[in-house]
Amino acid sequence: MTGWTDYAWSSDNVAASQAGKAMKPPALQVKDEGGSWRTVIEDIGIPVGRPQTVTVDLTGKFLSPDREVRIVTNMRIYWDQILVDTSDGKSPLKTTRLDPARADLHWRGFSAEVTPDGREPFGYDYRRVSFASRWKVMTGRYTREGDVRELLLRSDDMFVISRPGDEIGLSFDATYLPPLPAGWTRTFLLYTDGFSKEMDINSASPDQLAPLPFHGMSHYPYSWPEHYPLTEARRRYIEKYNTRVVTSPVPKLLVPGFKFQVRGNVKPE
């Protein structure tokens, strides 16, 4: 199933909660012997953000000879194409994993936003880049530019923390791929694992990167005694990689009705 999701901002979710509404992820339903719809998969996932493809395994999910299915949700998900595989599932398949041979983090800028018909979803023209950011930058410790390959080899809560406008350039060594047998085709899939954060006023700590997320957290932001698992290896990671510090200027202290004199005395006017 190929489509895209129009995300709700944190403020939208707060308004929905205050109105007594709750988000319902897309569930898959089929008909039982009596013709009634039954949910067989509570959450099939969503095409995250821009157009992506989601796969759903229907094996063993039907409750009757009826093969009609439906998806139930109150999220704004726009499905563009749904394809059904009716093969016996016995087609030969071989998966080969490649780790990146090179991974370089650097600041690039922002690709031009484009749309062929003036409607969403918007795409991006990589050939047209702007250095002007439409977003503010959260304060905190970002990953320094340069080689970050070590951080992308496993899911271990040691992240590349990128700021708006950053790019990670990846290279893979194709000589490690086995030759294709006659009649075979090859599909490339990029596996990613990470978190994103926005600056909506109702988001968790929208003005700063902290606290760092981790895969075992119960929710975000988490509260003490729950904390980022700061092992010795992760401490070294922070000290080695997260050295690009973004700070916010300290605002001037203006107190109405008071005059600050050079001698240090404060007198009301």
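Up top you'll find the structure we're talking about.
An account of the accompanying structure is given in this report. Going along each chain's sequence as written, the residues are numbered from 1 onward. Residues qualify for local features only when their pLDDT is at least 70, as the model is predicted, and side-chain atom pairs are given and counted only at 80 or more; totals for whole chains, interfaces and linings, by contrast, use all residues. Note: side-chain values were computed over all heavy atoms of the structure, leaving out hydrogens and water.

### With respect to the sheet that holds strand β12 (residues 166-171)
Taken in spatial order, the 3 strands line up as β11-β7-β12 in an open sheet, and their pairing is antiparallel. The outermost strands of the open sheet, each flanked by one partner alone, are β11 (146-147) and β12. Note on pairing: two strands pair once DSSP finds at least 2 bridges between them. Strands here mean DSSP runs of E at least two residues long; helices mean DSSP runs of H or I at least four residues long; both are numbered from the N terminus. Where strand β7 (residues 102-107) meets β12, 6 bridges bridge the pair, whose relative direction is antiparallel. Across the sheet, the residue bridging to W107 is D166, located in β12.

### Let's talk about the side chain of S64
With respect to the secondary-structure elements, S64 resides in the loop between β4 (52-53) and β5 (69-72). Under the rule applied, a polar contact is a pair of N or O atoms within 3.5 Å (in protein, one hydrogen donor and one hydrogen acceptor; residues adjacent in sequence only if both atoms are side-chain atoms). At 3.0 Å, the side chain of S64 and the backbone oxygen of K31 are in polar contact. With sequence-adjacent residues up to four places away left out, S64 is seen in contact with K31, D32 and E33. Throughout, a residue-residue contact means that at least one pair of heavy atoms, one from each residue, lies within 4.5 Å.

### A word on the sheet that holds β4
Adjacent strands of a sheet pair through backbone hydrogen bonds, lying either parallel or antiparallel. Taking strand neighbours across the sheet as the criterion, the 3 strands line up as β4-β1-β6 in an open arrangement whose pairing is antiparallel. Here the strands that pair on one side only, and so sit at the sheet edges, are β4 and β6 (77-81). For strand β1 (residues 2-5) and β6, the ladder comprises 4 bridges, and the chain directions are antiparallel. Bridge pairing links W4 to Y78 in β6.

### Quick look at the environment of Y241
Structurally, Y241 is set in helix α2 (residues 232-241). For Y241 and F159, which are 82 residues apart along the polypeptide, the C-alpha to C-alpha distance reads 9.4 Å. With sequence-adjacent residues up to four places away left out, Y241 is seen in contact with Y142, T143, R144, D147, E150 and L151.

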